[in-house]
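# Structural characterization, general
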Amino acid sequence: ENEKHDYGPDAAYRTLKGQCFSKRIAKYDYEVCPFGNSKQDHTSIGKFGTWGNDYNSWNFEHGQYCSGVGARTLLVNLRCG
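The notes below deal with the structure included here.

About the thresholds
- Residues numbered from 1 in each chain as written.
- Predicted model: local features only at pLDDT ≥ 70, side-chain atom pairs only at ≥ 80, totals over all residues.
- Heavy atoms only, no water.
- Salt bridge = Lys/Arg side-chain N within 4 Å of Asp/Glu carboxyl O.
- Buried < 20%, exposed > 50% of the residue type's maximum accessible area, 1.4 Å probe, protein only.
- Pairing = 2+ DSSP bridges.
- Helix = DSSP H or I, 4+ residues; strand = E, 2+ residues; numbered from the N terminus.
- Axes fitted to C-alpha atoms, helices over the stretch in contact; angles between N-to-C directions.
- Contact = heavy atoms within 4.5 Å.

### Describing the pattern of salt bridges
- All chains considered together, the criterion is met by two salt bridges.
- In this structure, the salt-bridge partner of Asp-29 is Arg-24, at a minimum N-O distance of 2.8 Å.
- Note on Asp-29: relative accessible area 36%, which makes it partly exposed.
- When the shortest N-O distance is used, the salt bridge between Glu-31 and Lys-39 registers 3.9 Å.

Here is the structure:
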């Protein structure tokens, strides 16, 4: 693997690489793949871009263009539990 990723403090989130998580909210199916892509049904809502402050969130950026808004983005807040 030639790609360099920041997997969090002590690479704590590295085990999530290659996994995807799905959730249905209202009438939409969401899929988030840490360090990869995210989508709402078949629409891209971004590719993993950056960590939030203190490694408590993921920012997905440069998703499919949305008229009047621009490229879609997604913020995923992380919590232990």
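### Description of the sheet that holds strand E4 (residues 43-51)
- Read across the sheet, six strands follow the order E1-E2-E3-E4-E5-E8 without closing on themselves; strand pairing throughout is antiparallel. Only two strands of the sheet have a single partner each, and these edge strands are strand E1 (21-25) and strand E8 (74-77). Along the sheet, successive strands turn relative to each other by an average axial angle of 25°, direction set aside.
- Both E4 and strand E5 (residues 57-61) contribute to a ladder of four bridges, which runs antiparallel. By the bridge assignment for E5, Lys-47 is matched with Glu-61.

### What to know about the side chain of Ser-57
- Take Ser-57: it is sitting in strand E5.
- By relative accessible area, Ser-57 is classed as buried at 5%.
- Look past the residues within four positions of Ser-57 in its chain and what remains in contact with it is Thr-50, Trp-51, Gly-52, Leu-75, Val-76, Asn-77 and Leu-78.

Purely spatial values, then, with no claim about function.
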